Amino acid sequence: MSVLRVALEVPLATLFDYLQPPPDALPAPAQPGDRVVVPFGRRERVGIVMECVLASSIPHERLKPIVRVLEDAPRLPPDWLELMRFLASYYQRPLGETVAGSLPSRLRSVKTLPRRKPRAPSAGEDTSRARFVSSNEPNPAQADAVKRIGAALGGFKPFLLHGVTGSGKTEVYLHLVARVLERGGQALVMVPEIGLTPQLEARFRHAFPRENIAILHSALQAGARTHAWLDAARGDAGIVLGTRLAALTPLPRLGLVVVDEEHDTSFKQQEGLRYSGRDAAVFRAKVAGCPVVLGSATPALETWHNCRAGRYERIDLPERAVPGAMLPRVRLVDLRTDPAAHGFAGASVAAIRGRLARGEQSLVFINRRGYSPVLACEACGWAAGCERCTANLVLHAVGKRLRCHHCGWEERIPRACPTCGNPDLRPVGRGTQRVQETLADLFPEARIARIDRDSARRRGELQQALEGIRRGEADLLVGTQLLAKGHDFPGLTLVCVLGADQSLFSTDYRAAERLFATLAQVAGRCGRRGQEGEVLVQTKFPQHPLFGALVRHDYSSFAEAQLADREGAGFPPFVHEAALRAEAKQLEVSMDFLREVAASVSPPGDVRIYDPVPHVITRRAGYERAQLLVQSRSRPALQSLLASWSERLFAGAPRNVRWHLDVDPIEFD
Ligand SMILES: [Zn+2]
Ligand SMILES: [Zn+2]
């Protein structure tokens, strides 16, 4: 019991051995989970003791003792260390990097945190915890969900809460959290993007006025994030509400995990440790021995598949919670018989006009920001492209600039075509800004609000704009997906969807799943308060089965059809997948690197390694990118191949290539 194996934040896949100091040097010997200061090279660094072992492979005389144990934060519990080991090995990243990346930055410094005074209850303050203020009586479906999940408290069990938009999933979460608090537990509630959902935070604060609620997301200042993290880790916060990184917080009394909008792709981290916050949450619940509730109107097909296989229990909320509120009527506008002028079919214009006359709000949804996606010369076929990426520059009306949405490059609009000199360059296609312009021409009297990442760049701007819309300060809304997530607009009764056909025939097998989820979510914004809502989807393919399922609000048959397709084609969730990606200044360097790695290890029989291919957007920010895909029906076989790859690569990859492994990848651009 004299050697401490310590995780340090260095880009190596190893732990470092240190000695336990002599008994009189420390108040108590260091233990697994302790943050310790250790000598490393000429500096001191902070590390986490992962385990205590009897002997090291390094000669005893070359080992150094640790300097001290940091006691300003609680010792990291065994289940958290287990989570770190799981994430590092599953996603093939160094353990030290995984551990360090999961701690707030202030806990990675050798400086001790300032001591915080415990908050003394003021005289007369009611210190009893878990006072629950329920605003609504649950309807029968909600009550049944609470009962079934509530009965599982105290043991691991995954649930899918499949509720249509507006079915009141949050009410179910609140009742369950109240039960967990009563039992003295902590609840972890995860949302895709907390910056977009302060409504949820407000509901929790209103429902649990006396509870310490820790909010955790990446946009917090370092100090606030450290405080919230400590509140969670000490067990002082009964509720931890946050984005995917909240799944990495130590929670000593974890009694319930909720992942709301579990299908959302932002639960997957796209850099460094490319983990899925949802999958990490399920793992945590398993280790902690508590239920996990995955909530969605359009669950991920992986989750749906887990229900079919009996691994998850599915609970349906088939109706809207507000009495009298119906799901909106979805109508397909056939662009072959009602062709669009300036992006709008006649039926769409007429519907918007009707809503304006009645003083109701309409939303025009187009999932593309900017003025137009291409600026082109009709004389010679030139189109403005980014020099650093294989992508067209997007025309932005504000400031009359061309911008690359992949690398951030910006330039002025040229006066004339650089190839043939034609001064008449035309915007092709439309984005939110152009749609806003068209609406202003069609309805000069209407107040129009545009919501996308350009209109809401600073924090708070989006919030203000959304509040204004809720107060009825706009008649027409134009927006991207940013508008679709979780917002509740009482006056909205019409949604027009433009440009849906673009994702209909994508090469990405996940495109249909995402399109359905997006359309269902956008459609779900309207008619939430009892007035009848209507959704118009403009399309040239009204017979497409995806639209048929959307019109019937029938996620289940859509999911079944998709799963049948995927099983036939051999795609996830019927196989497990990983991508090895490389980028270099020349494409051949990336491709050669991938070929060499693929040939370096002979794969187990049930693993299939595909040939390397360039990315669709091959060049991004000056780097040429390629990837190869590995698939297997056997998770252990896949993991063992990835482990042998990453061992070689971390030990020594060529310096002219940047590489990473993405396990369970969801983005392939
Ligand atoms: Zn030209
Ligand atoms: Zn670019």
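Residues numbered from 1 in each chain as written. Chains lettered and ligands numbered in written order. Predicted model: local features only at pLDDT ≥ 70, side-chain atom pairs only at ≥ 80, totals over all residues.

1. Quick word on the sheet that holds strand β16 (residues 394-396)
Hydrogen bonds between backbone atoms are what pair the strands of a sheet, whose relative direction is either parallel or antiparallel.
Turning to step 1, where the next piece is worked out: Spatial ordering of the open sheet is given by β16-β17-β18, a layout of 3 strands whose pairing is antiparallel. Of all strands in the sheet, those bounded by a partner on one side alone are β16 and β18 (410-412). On average, each strand axis in the sheet is tilted by 30° relative to the strand beside it, whichever way the strands run. (Pairing = 2+ DSSP bridges. Helix = DSSP H or I, 4+ residues; strand = E, 2+ residues; numbered from the N terminus. Axes fitted to C-alpha atoms, helices over the stretch in contact; angles between N-to-C directions.)

2. Section: the packing of helix α3 (residues 140-150) against helix α4 (residues 169-182)
Turning to step 1, where the next piece is worked out: Where α3 meets α4, the axes come as close as 9 Å, and the angle between the chain directions of the two elements is 35°. Judged by the twist between their axes, the crossing of α3 over α4 is right-handed. Mapping the contact onto sequence places Gln 142, Ala 145, Val 146, Ile 149 and Gly 150 in α3 and Glu 171, Val 172, His 175, Leu 176 and Arg 179 in α4.
Turning to step 2, where the next piece is worked out: Among the residues making up the contact of α3 with α4, the classes are represented as 5 nonpolar, 3 polar and 2 charged. (Left-handed = near helix turned anticlockwise from the far one by under 90°. Contact = placed C-beta atoms within 7 Å. Nonpolar A, V, L, I, M, F, W, Y, C, P; charged D, E, K, R; others polar.)

3. Some details on the domain arrangement of the protein
Turning to step 1, where the next piece is worked out: With domains assigned, the protein is organised as domain 1 (3-108), domain 2 (140-317), domain 3 (329-371 + 430-565) and domain 4 (576-663).
Turning to step 2, where the next piece is worked out: Opposite the 19 residues of domain 1 that make contact, domain 2 presents 19 residues.
Turning to step 3, where the next piece is worked out: For the side of domain 1 that touches domain 2, the secondary structure elements donating two or more residues are α1 (78-90) and α2 (95-102).
Turning to step 4, where the next piece is worked out: A breakdown of the residues in the side of domain 1 that touches domain 2 according to their chemical character gives 11 nonpolar, 4 polar and 4 charged. (Domains from an automatic or database assignment.)

4. Here's the deal with the environment of Leu 536
Turning to step 1, where the next piece is worked out: As for its placement among the helices and strands, Leu 536 is situated in strand β23 (residues 534-539).
Turning to step 2, where the next piece is worked out: Under the C-beta neighbour-count criterion, Leu 536 is labelled buried, with 25 such atoms within 10 Å.
Turning to step 3, where the next piece is worked out: Among all residues touching Leu 536, those that are not within four sequence positions of it are Arg 331, Val 333, Ala 347, Ser 348, Ala 351, Cys 496 and Val 497. (Buried ≥ 20, exposed ≤ 12 C-beta atoms within 10 Å, placed from the backbone.)

5. With respect to the sheet that holds strand β11 (residues 291-296)
Turning to step 1, where the next piece is worked out: The strand order across the open sheet built from 7 strands is β8-β9-β7-β10-β11-β6-β12, with neighbouring strands paired in parallel fashion. Pairing within the sheet leaves two strands with one partner each, and these edge strands are β8 (213-216) and β12 (313-317). Ignoring which end each strand starts from, the neighbouring axes of this sheet average 20° apart.
Turning to step 2, where the next piece is worked out: Relative to β11, strand β10 (residues 254-260) runs parallel, the two being bridged by 4 bridges. Across the sheet, the residue bridging to Val 257 is Val 292, located in β11.
Turning to step 3, where the next piece is worked out: Along the sheet, helix α6 (residues 222-233) contacts β8 and β9 (239-242); its crossing angle with β8, the most-contacted strand, is approximately 130°.
Turning to step 4, where the next piece is worked out: Taken strand by strand, helix α7 (residues 277-288) contacts β6 (157-163), β7 (186-190), β10 and β11, and its axis lies near 160° from that of β10.

6. Some remarks on the packing of helix α8 (residues 301-308) against helix α14 (residues 555-569)
Turning to step 1, where the next piece is worked out: Look at α8 against α14: their axes get within 10 Å of each other, and the N-to-C directions meet at 95°. Between α8 and α14, the angle is such that the two are roughly perpendicular. In this structure, α8 contributes Leu 301, Trp 304 and His 305 to the contact, and α14 contributes Ala 559, Gln 562 and Leu 563. (Parallel < 35°, antiparallel > 145°, perpendicular 65-115°, else oblique.)

7. Here's the deal with the nonpolar core
As a rule of thumb, soluble globular proteins bury nonpolar side chains together.
Turning to step 1, where the next piece is worked out: By size, the foremost hydrophobic cluster in this structure holds 163 residues, and its most contacted members are Val 6, Val 364 and Val 497.
Turning to step 2, where the next piece is worked out: Cys 377, Ala 384, Cys 386 and Cys 389 belong to the second largest nonpolar core, which has 14 residues in total. (Core = buried A, V, L, I, M, F, W, Y, C linked by C-beta atoms within 7 Å.)

8. Examining α2
Turning to step 1, where the next piece is worked out: Within α2, 7 of the 8 residues are buried, which leaves the element mostly enclosed by the surrounding structure.
Turning to step 2, where the next piece is worked out: Every buried residue of α2 is listed here: Leu 95, Gly 96, Thr 98, Val 99, Ala 100, Gly 101 and Ser 102.
Turning to step 3, where the next piece is worked out: On the buried face of α2, the contacting elements are β1 (3-8), β4 (43-53) and α1.

9. Quick notes on the pairing of β1
Turning to step 1, where the next piece is worked out: By the bridge criterion, 6 bridges tie β1 to β4 in an arrangement that is antiparallel. Counted as the bridge partner of Ala 7 is Ile 48 from β4.

10. Details of unusual backbone geometry
Turning to step 1, where the next piece is worked out: Omega for the peptide link from Pro 572 to Pro 573 comes to 5°, which places this bond in the cis form.
Turning to step 2, where the next piece is worked out: Mapped onto the fold, Pro 573 is located in the loop between α14 and β24 (576-584).
Turning to step 3, where the next piece is worked out: Residues other than glycine seldom take positive phi values, yet His 342 does so here, at roughly 50°.
Turning to step 4, where the next piece is worked out: Its location among the elements puts His 342 in the loop between β13 (329-334) and α9 (346-358).
Turning to step 5, where the next piece is worked out: On the basis of neighbour count, His 342 is assigned to the partly exposed category, with 13 C-beta atoms found within 10 Å.

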